[in-house]
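Topology and contacts: notes
Letter by letter, the chains look like this.
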Amino acid sequence: MFITFEGLDFCGKSTQVKLLSDFLEKQNKKVNLIREPGGTLISEKIREILLDKKNSGMFEDCELLLFASARAQLVREVILPKLKNNEYVISDRFHDSSFAYQGFGRGIPVQFINDLMKFVISEAVPDITFFIDIPLEVISERKKAIAALELDRIENTKGDFYKKVREGYLYLADTEKRFVTIDGTKSISEIHEIIQNKVLSI
Ligand code: TYD
């Protein structure tokens, strides 16, 4: 089974990814945990370029294609072989992030992103995608608590970027059957229980 997690930065998804992975491992399932961008030697190198604050001059189109390159390698090197082997793959972000961040957030035509992503992900279509949704005010609060120095290039984007990214996710939640939207203001254990029950029900 291929499970992906999506949401705005600071929504708490990485905590939930770890909790689900631990839960499945306790049930003796073979689980592969990956994060995007990254997850292979080549993709991690691309991640460094993408998140490096020194690269503030990066154009949106370059950004999209770098995310796509990192993902193309990850799909072919890790995700497809593991799925063929009947193992679980859990990814902290996947192609929906490109739709929401580069499409709605940066304004690149979403039809083009959809076509590009079809090519990039090939047969690796997630079975289920958990979207952890939190209000923008909560994000601002959490962001304020982190020293500006520690924010990466994308987290440093100003203006109504996150508002647009969230609209992208809400659009996907409305149109994609595999999407499960979870209220990210619930407690960590409540959210974990919802996710755990959903995975067990499939
Ligand atoms: P990361 O530190 O992994 O953030 P998080 O823990 O919130 O996932 O950084 C990834 C950043 O890259 C994050 O701001 C979201 C962004 N991103 C995109 O813009 N497009 C993409 O396709 C992906 C995978 C990530």
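It should be noted that the structure appears before, not after, this text.
Note that the structure is predicted; figures quoted are calculated from it, not measured.

Quick look at unusual backbone geometry now. Residue glutamate 36 is joined to proline 37 through a cis peptide bond whose omega torsion reads -10°. Tracing the chain through its elements places proline 37 in the loop between strand 2 (31-35) and helix 2 (41-51). Look at asparagine 86: it is not a glycine, yet its phi comes out positive at around 60°. Locating asparagine 86 in the fold gives a position in the loop between helix 3 (60-84) and strand 3 (88-92). Taking relative accessible area as the criterion, asparagine 86 reaches 70% and is therefore assigned exposed. Not every positive phi belongs to a glycine, and arginine 93 is a case in point at roughly 85°. As for its position among the elements, arginine 93 is in the loop between strand 3 and helix 4 (95-105).

On to the sheet that holds strand 1 (residues 2-6). Read across the open sheet, the 5 strands follow the order 2-3-1-4-5; overall the sheet is parallel. Each edge of the sheet is formed by a strand with only one pairing partner; in this case those strands are strand 2 and strand 5 (179-183). The mean angle between the axes of side-by-side strands here comes to 20°, regardless of whether they run parallel or antiparallel. Sitting on the sheet, helix 3 touches strand 1, strand 2 and strand 3, and the angle it makes with strand 2 is about 160°.

In this section: the nonpolar core. Within the largest apolar cluster, 41 residues are counted, with the highest numbers of intra-cluster contacts made by Ile3, Phe5, Leu20, Tyr101, Phe130 and Tyr169. In terms of residue count, the dominant contributor to this core is helix 7 (residues 161-175) (5 residues). The contacts of isoleucine 3, once residues within four sequence positions are left out, are Leu20, Tyr88, Val89, Ile90, Ser91, Ile128, Phe130 and Val199. Membership of the second largest hydrophobic core comes to 18 residues, among which are Ala68, Leu74, Leu116 and Ala124.

Let's shift gears to the site of the ligand. Neighbouring residues of the ligand: 16 residues in total, closest Asp9, Lys13, Arg93, Ser98 and Gln102. A distance of 2.6 Å separates an oxygen atom of the ligand from a polar atom in the side chain of aspartate 9. In the model, an oxygen atom of the ligand is placed 2.6 Å from a nitrogen or oxygen of the arginine 93 side chain. Sorting the residues of the shell around the ligand by element identifies helix 1 (13-26), helix 2, helix 3 and helix 4 as the ones contributing at least two each. In terms of residue count, the dominant contributor to the shell around the ligand is helix 4 (4 residues).

The description of two helices packed together rests on the angle between their axes and the distance between the axes. The interhelical angle for the contact between helix 1 and helix 8 (residues 188-201), taken along N-to-C directions, is 50°, at an axis separation of 10 Å. Viewed along their axes, helix 1 and helix 8 adopt a mutual orientation that is oblique. Note that helix 1 runs across helix 8; the crossing there is right-handed. Between helix 1, through Thr15, Gln16, Leu19, Leu20, Phe23 and Leu24, and helix 8, the contact on the second element is made entirely by Ile188, Ile191, His192, Ile195, Gln196, Val199 and Leu200.

This part takes up the environment of alanine 100. By the element assignment, alanine 100 lies in helix 4. The spacing of alanine 100 and tyrosine 171 is 71 residues in sequence and 8.9 Å in space, taken between C-alpha atoms. With near-sequence residues (within four places) excluded, alanine 100 lies in contact with Gly105, Val165, Gly168 and Tyr169.

The final tally for this structure, using the stated rule, is 10 aromatic pairs. Clustering of aromatic rings is evident, with ring pairs tying together Tyr101, Phe131, Phe161, Tyr162, Tyr169 and Phe179. Across the ring face of phenylalanine 94, the terminal group of arginine 71 is positioned such that the distance to the ring centre comes to 5.7 Å. Over the ring of phenylalanine 119 we find arginine 76, and its NZ or CZ is 6.0 Å from the ring centre.

Attention shifts here to the packing of helix 4 against helix 5 (residues 110-121). Packing of helix 4 against helix 5 leaves a shortest axis separation of 10 Å and a crossing angle of 155°. In this view, helix 4 runs roughly antiparallel relative to helix 5, as classed from their interaxial angle. For the element pair helix 4 and helix 5, the recorded crossing hand is right-handed. Contacts from His95, Ser98, Phe99, Gln102, Gly103 and Phe104 of helix 4 reach helix 5 at Val110, Ile113, Asn114, Met117 and Ile121.

Procedures and definitions
- Residues numbered from 1 in each chain as written.
- Predicted model: local features only at pLDDT ≥ 70, side-chain atom pairs only at ≥ 80, totals over all residues.
- Heavy atoms only, no water.
- Helix = DSSP H or I, 4+ residues; strand = E, 2+ residues; numbered from the N terminus.
- Buried < 20%, exposed > 50% of the residue type's maximum accessible area, 1.4 Å probe, protein only.
- Pairing = 2+ DSSP bridges.
- Axes fitted to C-alpha atoms, helices over the stretch in contact; angles between N-to-C directions.
- Contact = heavy atoms within 4.5 Å.
- Core = buried A, V, L, I, M, F, W, Y, C linked by side-chain atoms within 4.5 Å.
- Near = heavy atom within 4 Å.
- Polar contact = N/O pair within 3.5 Å; in protein donor to acceptor, adjacent residues only side chain to side chain.
- Parallel < 35°, antiparallel > 145°, perpendicular 65-115°, else oblique.
- Left-handed = near helix turned anticlockwise from the far one by under 90°.
- Phe/Tyr/Trp six-rings, centres within 6.5 Å; stacked < 30°, edge-to-face > 60°.
- Lys NZ or Arg CZ within 6 Å of the ring centre and 35° of its normal.

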